[in-house]
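Each chain, written out:
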Amino acid sequence: MNILRKKYHDVIHFPEHPSIEINYSNTNTYTKCRSYDAKAMNQGFVWHQIVVQHNGKICGSDAKRDILDALFEAVNNEEIYPIAYRRGPKEDCFLVRQCQPALDKLFAQNLRLRLPNGHSISILVQLNVADFHQGQISPIAQITKALSQLYNSMERHNGDDGILNLSQFGRNPNFADVVVNLGNSGVLERICNLIYSNDEKFRNVNGILMKTNGIKTLAPLKQFTGVEFAILDLRDNKLRSPERITRELLPLQADELMLAGNPVINTSKFPDCLNPVLKNFKRIDGIPSENYSKDYSPLNKNSDKDSEGYRVDWSNRADINNFEFSNDWHAVMIPDPEHNHTKDDIFNYFFITVSPTFSDFYPCYYKFDKGEHQFLVRQCFDQIKHLVEYCNLEIGIPRIVQQTVTEDSDLLPEVEMYSKLVYYLLMNISPFKTGQVNPLECIDKALNRRYNAVDRVLNLSNFQDTEGLQNIVINLNSINILSRILMQASKKFASSVVELRLAHNKIVFANVPKVLVLMGNLKAIDLGNNWIHHLKDVNELSVFKLKCLRLDGNPLCSKYSFAGEYIEAVKEIFQDLENLDNIEITTKGNLSSQKNYLCDVAAYDLTQEFVTRYFKTFECVKDRAKLKDVYHANAMLTLTCNYLSANSTQKTRARIGVYGDVSRNILKMRDLPHAYGPVHYGREEIMAIIMSLPDVSFDMLTFNTDTTIHNDRLTAITINGVYLDQAKDHATDTDVVMAFSRTFLLTPVKHFLGPLNKGTSYKIINDQLNILNPTAAQTKIAFKYLANDNIADDENEISLKTKESMLIMLQELTHLKSVWCARCLEDAGWDLQKALEVFIGLCRNDEISDASFM
């Protein structure tokens, strides 16, 4: 496709089809409206153009995909095929034809698309931009052509011929100029109809592969009711609802059903939700349907009729050589009749005992059964042979031995192996079957899930917890396994990675610059909370000229008595370093103080919401009465004023003296009994004090917020900053910049609040306010940027974050698609309670179809 630009029209050329000449002179153009002239549609005989007005705000490699995802979400599964998609710096555009139901859905949403990040953009619809002529590109013709080619190249799987491969169907070469998205149920239904109605070809189809197509519903597959497939591969799609997938699988039959990689796999109702359809399938993801459960592995042989495996132990260890070329699963069986050791214990002992250079050794399907720890491995004969010939089929159990310590000695405890666990192998316990765990494929998918293309961050922290690795043990303690995974990541993402995170992986050695050489733009590495004992085990990473490095939580940090000594040692190796352990290094080589501190990231939302709302309400006397409900009935307030106003006018000093009247400055009191008077108890007394204080204006950009305690009983928040004590008459008085430090102790009083029963109500039980003179640094930046209105949401406007939260809550309550949730909320003025009433009304009037639900 290429485009010839002219003054009043465009000419779009296609390699194998007549050109489309776009003439804008007779075009009907619509934007931000809900209706159009139906006569202009001229269904089927003209082309229409859709212009996405993103104004350059959507860029990058995923921009086109995000826009198309938003389009298909908006048309709510009505059939639509974008033709000749063209990217532009401010606008994207494409042609469509014969899609009035889809256009009606776009107009119903005021011609706006909601992007995956929650933002929305306008679209412009131009009806009748070109006449349709015989021979021009046709989506249905292109789909038919693609299917015809696939019929002629059907594949063979597990001994079965006639397998039609529609995996990644949208990337078929025939769709270079047309977007075919099977995630749109209208499109998928069209394709299923074309397949089923071709009697001559369909009689030879023995199975269908539909892997990686973004499919969200299987309803269109009802065309194949009564057809018995050998295989139906639906892996790596977007099937989410356990209830829906059960309902939609009822009419389908296959010897092998494959569902791995769909979000539904990770729901609590899966796989139990499949019980009603198990009779339709012999195997699901390689597992016999009668055994399909969360704890099934190839070690379950009761109904599998697999062999018990060939036992190899110390008595016949030479027989291990008979399995050098085996592709089957082998089991490692570790007797522990008293269950004295956990899964983590077993693998920690195991990898300490065997060679730390083990590679391609990924234990799978761990289970503890009948007094034995069991796991499977395959395609790692060299490692298995090492276990037999060099480790003698034994695991050492370590213990710490305290050395004899004299007054002058500094000996550290030593680790020795004080006992052993003897284990044996069961070779060829089960043949490998399609759908079972393939460690290298799972790792590749896990790397994709962990890469953030927007921030260019590859986050492999707690890599073992990645979705899809539940049945595999990834030992990054092994330098060879760590190197292999990082090499795989380097080849996949190359120089696009700027930050690499490897925290919480039990890494002991990280000198792997050679495997990261393709990550030439790497500027930050996080190795926090690993098992690194010496700086020499990371020093080779200095070749990357890192700006940020995190090492805290490693044993090496305990080797330094002072922070300066630690910084100096690290800086000697990483000379370009600007940030160490998430704290900026000053030009003097010291760590700068942190602006904000959270003892627990779970306190982030509470801290942000409380601080913003409280101080915004406190700013004006007439609004402060709203704070009454924030304080506990038995709360306590103390105020201390140490502000010195020697250079102030008499009127200003008198105004500031209000603070002194309620202040509790013990050092300035005449006698100790007076110390109890300024302690204000109870909600009523506290509000009387708060209401008596002058009008103020806070500079929230100066706030330093520290949350030092956050648990199920107490949260402690300390705020330091400046505010402006405002004069009522600027002709005779002046505003005063004052500093404050305020500590709140909050306690939860009610749980399980809100529509989802996940909310918690907090009350202030202690409020300590200290008023003092601002420092020189505070004075310099105080009210330099008048941005308070941008920090807190306007009371009359709902923030985007709040709207997104409401959308999520309404989706959980109703299971509606996001488009319908947005409609209900917009009709209700973004009031969640009213939105539920709108939803009930729509259901009562049968205005919501089944396709509108997830």
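Residues numbered from 1 in each chain as written. Predicted model: local features only at pLDDT ≥ 70, side-chain atom pairs only at ≥ 80, totals over all residues. Heavy atoms only, no water.

Chemist: Could you give me a rundown of the overall build of the chain, with the residues and numbers involved?
Modeler: If you tally the helices and strands in the chain, you get 20 helices and 37 strands. Here the analysis covers contacts within the chain between residues at least 6 apart in sequence; of these, 69% occur between residues at least 24 apart. Carbon and sulfur atoms form 49% of the exposed surface of the chain, whose accessible area is close to 43400 Å². (Helix = DSSP H or I, 4+ residues; strand = E, 2+ residues; numbered from the N terminus. Contact = heavy atoms within 4.5 Å. Areas by Shrake-Rupley, 256 points an atom, 1.4 Å probe, with all protein chains shown as cover.)

Chemist: I'd like to hear about helix 4 (residues 185-197), residue by residue, with values.
Modeler: The first and last C-alpha atoms of helix 4 sit 18 Å apart over 13 residues, in line with the 18 Å expected at 1.5 Å per residue. When we look at burial in helix 4, the residues that qualify are S185, G186, V187, L188, I191, C192 and I195. Tucked into the core, helix 4 has its buried residues touching helix 3 (139-151), strand 11 (160-165) and helix 5 (199-202). (Expected span 1.5 Å × (residues − 1). Buried < 20%, exposed > 50% of the residue type's maximum accessible area, 1.4 Å probe, protein only.)

Chemist: For the pattern of salt bridges, give the residues involved together with the corresponding values.
Modeler: Note that side chains of opposite charge can pair when their charged atoms are close. In total, this model carries 26 salt bridges according to the counting rule given. Where K420 meets E394, a salt bridge forms, and the shortest distance between an N and an O atom there is 3.3 Å. Here E394 lies in strand 21 (residues 394-401) and K420 lies in strand 22 (residues 414-422), a separation of 26 residues in the sequence. E394 sits in the partly exposed class, given a relative accessible area of 24%. The salt bridge partner of E578 is K547, with a shortest N-O separation of 3.8 Å. On the criterion of sequence distance, the pair formed by E578 in the loop between helix 11 (563-573) and strand 29 (579-580) and K547 in the loop between strand 27 (524-526) and strand 28 (548-550) is long-range, its members being 31 residues apart. (Salt bridge = Lys/Arg side-chain N within 4 Å of Asp/Glu carboxyl O.)

Chemist: Let's hear about the packing of aromatic side chains: which residues, and what values?
Modeler: Inspection of the entire model under this criterion finds 32 aromatic pairs. Ring geometry for W329 against F432: centres 6.1 Å apart, planes inclined by 55°, an arrangement best described as tilted. Taken together, the residues W329 in strand 18 (residues 329-335) and F432 in the loop between strand 23 (424-430) and helix 9 (439-449) connect sequence positions 103 residues apart. Look at F615 and F744: their rings are 6.3 Å apart centre to centre, the planes differ by 75°, and that puts the pair in the edge-to-face class. (Phe/Tyr/Trp six-rings, centres within 6.5 Å; stacked < 30°, edge-to-face > 60°.)

Chemist: Tell me what's going on with the sheet that holds strand 25 (residues 457-459), and back it up with residues and numbers.
Modeler: For sheets, the rule is that strands pair by backbone hydrogen bonds, running either parallel or antiparallel. Spatially, seven strands are ordered 24-25-26-27-28-29-30 in an open sheet, and the strand pairing comes out mixed. Both edges of this open sheet fall to strand 24 (451-452) and strand 30 (583-584), since each of them pairs with a single strand only. Note: strand 24 against strand 25, two bridges, orientation antiparallel. Following the sheet pairing, Y451 is matched in strand 25 by L458. (Pairing = 2+ DSSP bridges.)

Chemist: Break down the side chain of N172 for me, with residues and values.
Modeler: By secondary structure assignment, the location of N172 is in the loop between strand 11 and helix 4. There is a polar contact of 2.7 Å between the side chain of N172 and the side chain of N174. Among residues more than four places away in sequence, those in contact with N172 are A146 and L150. (Polar contact = N/O pair within 3.5 Å; in protein donor to acceptor, adjacent residues only side chain to side chain.)

Chemist: I'd like a description of the sheet that holds strand 10 (residues 155-157), backed by residues and values.
Modeler: Strand order across the open sheet formed by seven strands is 10-11-12-13-14-15-16, with mixed pairing between neighbours. Strand pairing shows two members of the sheet lacking a second neighbour, strand 10 and strand 16 (287-288), which therefore form its edges. When strand 11 meets strand 12 (residues 207-209), the two strands line up parallel, connected through three bridges. Bridge pairing in strand 12 links I163 to G207.

Chemist: Describe the packing of helix 9 against helix 10 (residues 479-493), with residues and values.
Modeler: The axes of two packed helices give the description: the angle between them and the distance between them. Contact pair helix 9 / helix 10: the axes reach a minimum separation of 10 Å and the direction vectors enclose 55°. When the axis of helix 9 is compared with that of helix 10, the two are oblique. Once helix 9 is placed against helix 10, the crossing between them reads as right-handed. Facing L440, I443, D444, L447 and N448 of helix 9, the residues of helix 10 in contact are R484, I485, Q488, A489, K492 and F493. The residue inventory of the contact of helix 9 with helix 10, partitioned by class, reads six nonpolar, two polar and three charged. (Axes fitted to C-alpha atoms, helices over the stretch in contact; angles between N-to-C directions. Parallel < 35°, antiparallel > 145°, perpendicular 65-115°, else oblique. Left-handed = near helix turned anticlockwise from the far one by under 90°. Nonpolar A, V, L, I, M, F, W, Y, C, P; charged D, E, K, R; others polar.)

Chemist: Can you tell me about unusual backbone geometry, naming the residues and giving the values?
Modeler: With an omega of 5°, the peptide bond between F270 and P271 qualifies as cis. Residue placement: P271 occurs in the loop between strand 14 (253-258) and strand 15 (281-284). Its identity as a non-glycine residue notwithstanding, A84 has a phi of 55°, on the positive side. Here A84 lies in strand 6 (residues 83-86). Look at A84 and you get buried, because its relative accessible area is 1%. A positive phi angle, near 50°, is found at Q168, a position not held by glycine. Inspection of the secondary structure assignment puts Q168 in the loop between strand 11 and helix 4. Owing to a relative accessible area of 36%, Q168 belongs among the partly exposed residues under this scheme.

Chemist: Please provide a residue-by-residue account of helix 3, values included.
Modeler: For helix 3, spanning 13 residues, the distance from its first C-alpha to its last is 18 Å, which sits close to the expected 18 Å at 1.5 Å a residue. Along helix 3, the residues that are buried comprise P139, Q142, I143, A146, L147, L150 and Y151. Looking at the buried positions of helix 3, the neighbouring elements they touch are strand 6, strand 11, helix 4 and helix 5.

Chemist: Please provide a residue-by-residue account of the packing of helix 3 against helix 4, values included.
Modeler: For the pair helix 3 and helix 4, interaxial distance at closest approach is 11 Å and the crossing angle is 50°. Put simply, helix 3 runs oblique to helix 4. Relative to helix 4, the crossing made by helix 3 is right-handed. Along the contact surface, helix 3 presents I140, I143, T144, L147 and Y151, while helix 4 presents R190, I191, L194 and I195. Its residues assigned to classes, the contact of helix 3 with helix 4 shows seven nonpolar, one polar and one charged.

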